[in-house]
Amino acid sequence: MIADNDLATIFAALMAFSVLMYAILDGYDLGVGMLLPMGNENHRDQMIASIGPFWDANETWLVLAVGLLLIAFPAAHNIILKELYLPTAIMLVGLILRGVAFDFRAKVAQGRKRTWDYLFKIGSFTAAASQGFMLGAYVVGFQEGWFATLFSLLSALGVTMAYSLIGAAWLIMKSEDQLQLKAVRWSRNAGRFCLVGIIAVCIANPLVNSFVLERWTQLPWAFFIASIPAVCFMLFVIGDQVLKRLPLQDDAGCWLPFVMTLILFTFCFAGLAISFYPYVVPGELTIWQAASAPESLRFMLYGALVVIPCIFAYTVFAYRVFWGKVAELRYY
């Protein structure tokens, strides 16, 4: 029998896993959308084709994360959604715009296709920037004032660059020739902005959250927390050297940038999760204070243990089926 306190921890871990999966999977397809080169229709078609089988299903992880927040931590859901109502609405507009543009670009007259590509790009920017702004607001504990707003805007820029980085890394792995060379250049440029963003979060987080400062300076957490920026910096340095040498003969190592970016995302997310644990609303509500009744959590856990593995299995299957380099985009 699972203890009542452990139920809240399990659901927090499931929600964290869902958020990380969303950031990685929908992050790269948002990044691809933001990188669309409006002066080259052939490259735009190839980039759209690279995410075509996956982009819509990737958003399932966002729905799952929000659903887990609602059913497992309803008190936190009320506070977070109230504080982030406007950026959440803007994010949804961006995601809807992406979906409409993706379908319409295939159905309109050739002369109007570029307009819908622009809208797909704008929708990608809108969704990514909104998520970054929400992350910044969450990190500063939903504080108000010029510092909190400025930090949230910086976070919005950082997340768009992070998504551009993983989107470019995806294109390096999925494309060839001139598009791949462009993706290498995009990846190097986005990586530099991401490094600045990570440094900014590392500086601001302990300054605005006293419990984060305490966590970062307490043993044994301090050793693990200190290793995260060190590993991230090492990944940026090694990644930049790898990108300088791409593409290699027979396209060897084209997968390395994406894997390194995936590790980077995982470490950054782990750093944030450890910094705020056990708070689900920074400095206000812990996961145990916000959790639903143990009887409800225990009942919902059975469903979660069926649904989440099914979603994960489907995701793995889809990527296995559509693995390999992108082919020319065709609509039948």
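That block above? That's the structure.
The rules we used
Residues numbered from 1 in each chain as written. Predicted model: local features only at pLDDT ≥ 70, side-chain atom pairs only at ≥ 80, totals over all residues. Heavy atoms only, no water. Helix = DSSP H or I, 4+ residues; strand = E, 2+ residues; numbered from the N terminus. Rg over C-alpha atoms; globule rule 2.2 N^0.38 Å. Contact = heavy atoms within 4.5 Å. Areas by Shrake-Rupley, 256 points an atom, 1.4 Å probe, with all protein chains shown as cover. Lys, Arg positive; Asp, Glu negative; His and termini not counted. Charge placed at Lys NZ, Arg CZ, Asp CG, Glu CD. Axes fitted to C-alpha atoms, helices over the stretch in contact; angles between N-to-C directions. Parallel < 35°, antiparallel > 145°, perpendicular 65-115°, else oblique. Nonpolar A, V, L, I, M, F, W, Y, C, P; charged D, E, K, R; others polar. Core = buried A, V, L, I, M, F, W, Y, C linked by side-chain atoms within 4.5 Å. Buried < 20%, exposed > 50% of the residue type's maximum accessible area, 1.4 Å probe, protein only. Phe/Tyr/Trp six-rings, centres within 6.5 Å; stacked < 30°, edge-to-face > 60°. Lys NZ or Arg CZ within 6 Å of the ring centre and 35° of its normal. Polar contact = N/O pair within 3.5 Å; in protein donor to acceptor, adjacent residues only side chain to side chain. Patch = residues over 30% accessible without salt bridge, like charges linked within 9 Å, V, L, I, M, F, W, Y side chains within 5 Å. Salt bridge = Lys/Arg side-chain N within 4 Å of Asp/Glu carboxyl O. Disulfide = S-S within 2.5 Å.

### What about the overall build of the protein?
Looking only at helices and strands, one finds 14 helices and two strands in the protein. Computed over the C-alpha atoms, the radius of gyration of the protein is 20 Å, within 12% of the 20 Å expected from 2.2 N^0.38 for a compact globule of 332 residues. A principal-axis box enclosing the C-alpha atoms of the protein has dimensions of 55 × 40 × 40 Å. Here the analysis covers contacts within the protein between residues at least 6 apart in sequence; of these, 80% occur between residues at least 24 apart. Only carbon and sulfur atoms are counted for the fraction: they give 69% of the accessible area of the protein, which is about 16300 Å². Taken together, the 21 basic and 21 acidic charged side chains of the protein have centroids lying 10 Å from each other.

### Considering the packing of helix α1 (residues 4–34) against helix α2 (residues 41–51)
Running from amino to carboxyl end, α1 crosses α2 at an angle of 170°, the nearest separation of the two axes being 10 Å. In terms of their interaxial angle, α1 and α2 are classed as roughly antiparallel. Every residue of α2 that contacts α1 at Y28, D29 and V32 is listed here: M47, S50 and I51. For the contact of α1 with α2, the residue count by class is four nonpolar, one polar and one charged.

### Quick look at the nonpolar core
Residues Y28, F73, Y163, W170 and V280 are the most contacted members of the largest nonpolar core, which totals 99 residues. Setting aside anything within four residues of it in sequence, one finds W170 in contact with Y28, V32, S50, I51, F54, F258 and Y319.

### Thoughts on the packing of aromatic side chains
One pair of aromatic rings is described through two measures. These are the centre distance and the angle between the planes. This structure, assessed with the given rule, holds 20 aromatic pairs. Between Y138 and F142, the ring centres sit 5.9 Å apart and the planes meet at 80°, which makes this aromatic pair edge-to-face. Judged by centre distance (5.4 Å) and plane angle (65°), the rings of Y138 and F276 are edge-to-face. A residue pair is termed long-range when its members are at least 10 positions apart, and Y138 in helix α7 (residues 113–139) and F276 in helix α12 (residues 256–276) qualify at 138 residues. Here the basic side chain of K174 rests over the ring of W323, its NZ or CZ set 5.7 Å away from the ring centre.

### Side note on the environment of L86
In this fold, L86 is placed in helix α6 (residues 85–104). Separated by 48 residues in sequence, L86 and M134 have C-alpha atoms that sit 9.6 Å apart.

### Section: the environment of R114
Relative to the helices and strands, R114 is located in helix α7. For the pair R114 and A291, spaced 177 residues apart in sequence, the C-alpha to C-alpha distance is 47 Å.

### Concerning helix α5 (residues 74–83)
Buried within α5 are the following residues: A76, H77, I79 and I80. On the buried face of α5, the contacting elements are α4 (60–72), α7, β1 (279–281), β2 (285–286) and α13 (287–290).

### A word on unusual backbone geometry
Y277 connects to P278 through a cis peptide bond whose omega is 10°. Even without being a glycine, F142 presents a positive backbone phi close to 60°. With respect to the element layout, F142 can be found in the loop between α7 and α8 (146–174). Residue class for F142 comes out buried when judged on its relative accessible area of 13%. Its identity is not glycine, yet D177 carries a phi of approximately 55°, on the positive side. Relative to the assigned elements, D177 resides in helix α9 (residues 177–208).

### Focus on the side chain of D45
Position of D45 among the secondary structure elements: in helix α2. On the accessibility criterion, D45 (13% relative accessible area) is buried. There is a polar contact of 2.9 Å between the side chain of D45 and the side chain of K113.

### A few points about a nonpolar patch on the surface
Where nonpolar side chains cluster on the molecular surface, the patch consists of L92, I96, V100 and F104 and spans about 340 Å² of accessible area. With respect to the secondary-structure elements, V100 resides in helix α6.

### Structural notes on the side chain of S152
Within the fold, S152 resides in helix α8. With a relative accessible area of 3%, S152 lands in the buried category. Within the structure, S152 has its side chain in polar contact with the backbone nitrogen of A137 (distance 3.2 Å).

### Focus: the state of the cysteines
Among covalent bonds in proteins, the disulfide is the one between the sulfur atoms of two cysteines. Here the structure, examined in full by the defined rule, presents zero disulfides. No disulfide involves C202; its sulfur sits 7.4 Å from the nearest other cysteine sulfur, which is in C232.

### Overview of the pattern of salt bridges
Counted under the stated rule, the structure contains eight salt bridges. Between D45 and K113 there is a salt bridge, and its shortest N-O distance comes to 2.9 Å. Here K113 lies in helix α7 and D45 lies in helix α2, a separation of 68 residues in the sequence. The pair formed by D45 and K113 is uniform in burial state, with each residue classed as buried. For D117, the salt bridge identified is with R105, shortest N-O distance 2.5 Å. Taken together, the residues span a long stretch of sequence, with D117 in helix α7 and R105 in the loop between α6 and α7 at a distance of 12 residues. Look at D117 and you get buried, because its relative accessible area is 0%. Three or more residues joined by partner-sharing salt bridges are found here, namely E41, R44, D45, R105, K113 and D117.

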